[in-house]
Amino acid sequence: MLRIRFTAQDLLRTRFVAEPAPMVEVSLAAAALCRNDRGVLAPWVSRTRQRFPREAAPLLELVSRAGALEYLWALDHDFDAAVDTVLSSPARYVRESLDAIGSPGSPWTRKLAEGDRSAQAVLERALRSAAHLFGGEYERIRATLHTDMAHRKEILFADGLGAAVASVFRSASWRGDTLEIPHTASLDIDLHGDGMVLLPTSFRTGSTIIGSDMPGHPRTVVYPAHVPMPLLEQTERSPALTPLLGRTRTAVLKTITRNPSSTTSQIANALGISPGRASEHAGVLRDAGLITSHRHRNTVRHVPTKLGLEIG
């Protein structure tokens, strides 16, 4: 069992991020490539392996098959600022992060751990080169995060912050001020009053990752977004848009874009159609990548994606 102990101050300092952290996405995407992920990310992994730039190869040395190198988890929303944050990491932190993933200790990584400028230049080129892979993907990454935030807000408003925090872990439950999470080992985590920063990601499909303890800083918690993003190319979406031509389906999309997180029943009532028809239309919109849907208690709620907002 994993036990995370919260004080009142920890809860006051616990927050969800409002925008994606591009450096976290880049590092987790590299980890997905290392794992040769076969889940929902498989199409993206297959495409990206074919066009992965040689200059970005050193990045793959810095990620594990189980997760990602934590010192690359710069939370800056601006990529250039995130690069600066990574390159200014203390050498001790870099060494500890490399040790934690069992790095083979190549000459380059050893120089990186020593703060060698030439090694840092190699890393910077790798990061910037890898970031180019995201070209047209970033807006969908943002849409994924915002969809997840809509889901967490529903839980927050209905059941409080404690329930929203627990929802990012599998089968977690509260025992007093301690969050208990099923785990193969017995571990205790004290947040020391610094709280947590909770970040959903498009490139994580496994368990939630809890960052290490850095005194004076909240723990970074990276978890799979509630609705995984398949990262389809635009050309792959195009055929699915044909069924959208129709007055009622267009009205359903407009209802969802005007009232994000609408339930199926609310859509049906607004348009004077049956819940079954509303659900059918929502299914077509979802298949086309224009909305995402998630179940909350006894309702299904629908949220527009970035593409859906543009069209709706």
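Residues numbered from 1 in each chain as written. Predicted model: local features only at pLDDT ≥ 70, side-chain atom pairs only at ≥ 80, totals over all residues. Heavy atoms only, no water.

Draft legend 1. Quick peek at the pattern of salt bridges. This model, assessed by the stated rule, comprises nine salt bridges. The closest approach of N and O atoms between D188 and R3, which form a salt bridge, is 2.8 Å. On the criterion of sequence distance, the pair formed by D188 in strand β5 (residues 187–190) and R3 in strand β1 (residues 2–5) is long-range, its members being 185 residues apart. Residue classification places R3 among the buried positions, given a relative accessible area of 19%. Within this structure, R3, R5 and D188 form a network of salt bridges that share partners. (Salt bridge = Lys/Arg side-chain N within 4 Å of Asp/Glu carboxyl O. Helix = DSSP H or I, 4+ residues; strand = E, 2+ residues; numbered from the N terminus. Buried < 20%, exposed > 50% of the residue type's maximum accessible area, 1.4 Å probe, protein only.)

Draft legend 2. Quick look at the pairing of strand β10 (residues 291–296). In terms of burial, β10 is a largely internal element, five of the six residues being buried. For β10 and strand β11 (residues 299–304), the ladder comprises six bridges, and the chain directions are antiparallel. Residue pairing for β11: H294 is matched across the bridge by R301. (Pairing = 2+ DSSP bridges.)

Draft legend 3. Layout of helix α8 (residues 117–131). Here α8 spans 21 Å end to end across 15 residues, near enough to the 21 Å set by a 1.5 Å rise per residue. Turning to α8, its buried residues are A119, L123, A126, L127, S129 and A130. On its buried side, α8 packs onto α2 (22–35), α4 (57–60), α5 (79–87) and α7 (107–113). (Expected span 1.5 Å × (residues − 1). Contact = heavy atoms within 4.5 Å.)

Draft legend 4. Here's a closer look at the environment of R295. Mapped onto the secondary structure, R295 falls in strand β10. Considering only alpha carbons, one finds R295 and T263, 32 residues apart in sequence, at a separation of 9.4 Å. Setting aside residues up to four positions removed in sequence, R295 forms contacts with H151 and V300.

Draft legend 5. Layout of the sheet that holds strand β9 (residues 262–263). Taken together, three strands build an open sheet; the order of strands is β9-β11-β10 and the sheet is antiparallel. For this open sheet the edge positions go to β9 and β10, each flanked by a neighbour on one side alone. Where β9 meets β11, two bridges bridge the pair, whose relative direction is antiparallel. Paired with T263 across the bridge in β11 is R301. Along the sheet face, helix α12 (residues 247–258) touches β9, β10 and β11 and points at about 85 degrees away from the line of β11. (Axes fitted to C-alpha atoms, helices over the stretch in contact; angles between N-to-C directions.)

Draft legend 6. Looking closely at the packing of aromatic side chains. In this structure the tally under the stated criterion is three aromatic pairs. Centre to centre, the rings of F16 and Y223 are 6.5 Å apart; their planes meet at 90 degrees, and the pair counts as edge-to-face. With F16 in strand β2 (residues 15–16) and Y223 in strand β8 (residues 219–224), this pair connects stretches of sequence that are 207 residues apart. Given the relative accessible area of 1%, Y223 is considered buried. (Phe/Tyr/Trp six-rings, centres within 6.5 Å; stacked < 30°, edge-to-face > 60°.)

Draft legend 7. Examining the sheet that holds strand β6 (residues 196–201) more closely. If you trace the four strands from one edge of the open sheet to the other, you get β2-β6-β8-β7, paired in mixed fashion. Of all the strands in the sheet, the pair left with one neighbour each is β2 and β7 (209–210). Looking at chain direction, β2 and β6 are connected through two bridges and run parallel. Looking at β6, one finds that R15 is bridged to V197.

Draft legend 8. Region of the structure containing the packing of α5 against α8. For the pair α5 and α8, the least separation of the axes is 11 Å and the interaxial angle reads 150 degrees. By the angle between their directions, the pair α5 and α8 is classed as roughly antiparallel. Considering the relative orientation of α5 and α8, their crossing is right-handed. Across the interface between the two elements, F79, D80, V83, V86 and L87 of α5 pack against Q120, L123, E124, L127, R128 and A131 of α8. By residue class, the composition of the contact of α5 with α8 is seven nonpolar, one polar and three charged. (Parallel < 35°, antiparallel > 145°, perpendicular 65-115°, else oblique. Left-handed = near helix turned anticlockwise from the far one by under 90°. Nonpolar A, V, L, I, M, F, W, Y, C, P; charged D, E, K, R; others polar.)

Draft legend 9. Main features of the side chain of T178. Along the polypeptide, T178 turns up in strand β4 (residues 178–181). For T178, a relative accessible area of 10% translates into the label buried. Ignoring any residue separated from it by four or fewer positions in sequence, one finds T178 in contact with R3, I4, R5 and S173.

Draft legend 10. Inspection of the environment of E124 at higher detail. By the element assignment, E124 lies in helix α8. E124 sits in the partly exposed class, given a relative accessible area of 27%. E124 sits 65 residues away from L59 along the chain, and the two C-alpha atoms are 9.4 Å apart. Setting aside residues up to four positions removed in sequence, E124 forms contacts with V83 and L87.

Draft legend 11. Local environment of the packing of helix α13 (residues 264–271) against helix α14 (residues 275–287). Between α13 and α14, the least distance of the axes is 8 Å, while the angle of their chain directions is 110 degrees. What the angle tells us is that α13 and α14 run roughly perpendicular. By crossing handedness, the relation of α13 to α14 is classed as right-handed. Here α13 contributes T264, I267 and A268 to the contact with α14, which in turn contributes P275, A278 and S279. Of the residues belonging to the contact of α13 with α14, the class tally is four nonpolar, two polar and no charged.

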